[in-house]
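# Notes for the structure review
So the chains spell out like this:
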Amino acid sequence: MDLRLLYTGLSLLFFLTSCGNRTERQSDLKSFDLEGLVDSQVSFLVENEYQVIKKSSLGTSNDLVQYVPDSAGWVREMSIIQTVDISKPGLRSYYSLESYDSLDCTIERYTLLDPGNSNTLYQKIYRDAASDQLLKIKALQNVSNPIYDSKRYLEITFQEVGNNTGIIDSIVVSGYQTMILSDTVIYQSISKILPGKKPGR
């Protein structure tokens, strides 16, 4: 199967199966601040000694790691999230925003208007319809140049911990990369974030 067609199909599927009641806003776009989110997450996770269990695969190679990151370690773990940050002023005008409502969630989808302006094709923010709690972030990236072609899908889920809402629960990264005159390499990384001690203890 052509993996590029597969990822194109997945992108279309996510768009078509989103919740209804769509509204479009082209002006005064205020995108989600992922950099600020990462900063607040790192502080909480370090203070409460959270651990990460990461299962990764690259081609036919597999790896499993479990450890308690320090501040620098959590910054490395979450660096992938910042690659899809579209909140910078120079990027905001390149995206349209569509809002969806459903019985249990609200979704904001930021879609790139011109593929030449950014590597992030879209970003979707899911929130609980009742509490407005952050539930999930999805993003799709594409990089294509004379040397290689790649697509990367990112999904981040969140959980409620005590009085703290929107604590990262898992980070999933999957995609492929095709070099010129080389085979396509498929990769995936699944990180599960678990508490090391009770918050505030």
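Everything in this summary refers to the structure shown in the same document. The structure displayed is predicted, hence computed values, not measured ones.

Cut-off values and rules
Residues numbered from 1 in each chain as written. Predicted model: local features only at pLDDT ≥ 70, side-chain atom pairs only at ≥ 80, totals over all residues. Heavy atoms only, no water. Helix = DSSP H or I, 4+ residues; strand = E, 2+ residues; numbered from the N terminus. Buried < 20%, exposed > 50% of the residue type's maximum accessible area, 1.4 Å probe, protein only. Areas by Shrake-Rupley, 256 points an atom, 1.4 Å probe, with all protein chains shown as cover. Contact = heavy atoms within 4.5 Å. Core = buried A, V, L, I, M, F, W, Y, C linked by side-chain atoms within 4.5 Å. Salt bridge = Lys/Arg side-chain N within 4 Å of Asp/Glu carboxyl O. Phe/Tyr/Trp six-rings, centres within 6.5 Å; stacked < 30°, edge-to-face > 60°. Lys NZ or Arg CZ within 6 Å of the ring centre and 35° of its normal. Expected span 1.5 Å × (residues − 1).

If you tally the helices and strands in the protein, you get 5 helices and 10 strands. Every one of the 201 residues in the protein was classed for burial, and the buried ones make up 41%. Only carbon and sulfur atoms are counted for the fraction: they give 53% of the accessible area of the protein, which is about 11200 Å².

This part covers the environment of aspartate 33. Within the secondary structure layout, aspartate 33 lies in the loop between strand 1 (23-25) and helix 2 (34-47). By relative accessible area, which is 43% here, aspartate 33 ends up partly exposed. With 55 residues separating them in the primary sequence, aspartate 33 and lysine 88 have C-alpha atoms 8.4 Å apart. Apart from the residues lying within four places of it in its own chain, the contact partners of aspartate 33 are Asp85 and Ser87.

Let us look at the nonpolar core. By size, the foremost hydrophobic cluster in this structure holds 32 residues, and its most contacted members are Ile81 and Ile171. Of all elements in the fold, only helix 2, helix 4 (79-82), strand 4 (95-101), strand 5 (105-112), strand 7 (134-144), strand 8 (148-161) and strand 9 (164-179) reach the threshold of two or more residues within this core. Looking at which element gives the most residues to this core, the answer is helix 2, with 6 residues. What isoleucine 171 contacts, discounting residues up to four positions off in sequence, is Glu77, Ile80, Ile81, Leu154, Glu155, Ile156, Ser189, Ile190, Ser191 and Ile193.

A separate point is the pattern of salt bridges. By the definition in use, this model includes 2 salt bridges. Measuring nitrogen to oxygen at the nearest pair gives 3.0 Å for the salt bridge that ties glutamate 77 to lysine 54. Placement of glutamate 77 in helix 3 (residues 71-77) and of lysine 54 in strand 2 (residues 51-58) is noted, with a sequence separation of 23 residues between them. Across the pair aspartate 169 and lysine 192 runs a salt bridge, and its minimum N-O distance is 2.8 Å. Of the two residues, aspartate 169 sits in strand 9 while lysine 192 sits in strand 10 (residues 184-194), which places them 23 residues apart along the sequence.

Attention shifts here to the environment of threonine 83. Locating threonine 83 in the fold gives a position in the loop between helix 4 and helix 5 (89-92). Residue class for threonine 83 comes out partly exposed when judged on its relative accessible area of 36%. Expressed as a C-alpha distance, the spacing of threonine 83 and threonine 120, which sit 37 residues apart in the sequence, is 8.3 Å.

Under the defined criterion, the tally for this structure stands at 1 aromatic pair. Residues phenylalanine 44 and tyrosine 50 carry aromatic rings whose centres are separated by 5.7 Å and whose planes lie at 55° to one another, so their mutual orientation is tilted. Accessibility assignment for this pair places phenylalanine 44 and tyrosine 50 in one class, buried. Its end group placed over the ring of tyrosine 122, arginine 109 keeps NZ or CZ at 4.4 Å from the ring centre. The side chain of lysine 136 reaches across the aromatic face of tyrosine 126, ending 5.4 Å from its centre.

Okay, helix 2 next. Helical periodicity: at 3.6 residues per turn, an α-helix aligns residues three or four positions apart in one direction. For helix 2, with 14 residues, the first-to-last C-alpha span of 20 Å sits near the 20 Å given by 1.5 Å per residue. Within the span of helix 2, buried status applies to Leu34, Leu37, Val38, Gln41, Val42, Phe44 and Leu45. One or two positions beyond helix 2, positive phi appears at glutamate 49, with a value near 55°.

Looking at the secondary structure, you find serine 150 in strand 8. Once you skip the residues sitting within four places of it in the chain, serine 150 turns out to touch Gln141, Asn142, Val143, Tyr176 and Gln177.

A few words on unusual backbone geometry. If you check the backbone angles, glutamate 49 has positive phi at about 55° while not being a glycine. Within the secondary structure layout, glutamate 49 lies in the loop between helix 2 and strand 2. The exposure class assigned to glutamate 49 is partly exposed, which follows from its relative accessible area of 43%. In this structure, aspartate 132 is a non-glycine residue whose phi angle is positive, near 70°. Its location among the elements puts aspartate 132 in the loop between strand 6 (120-128) and strand 7.

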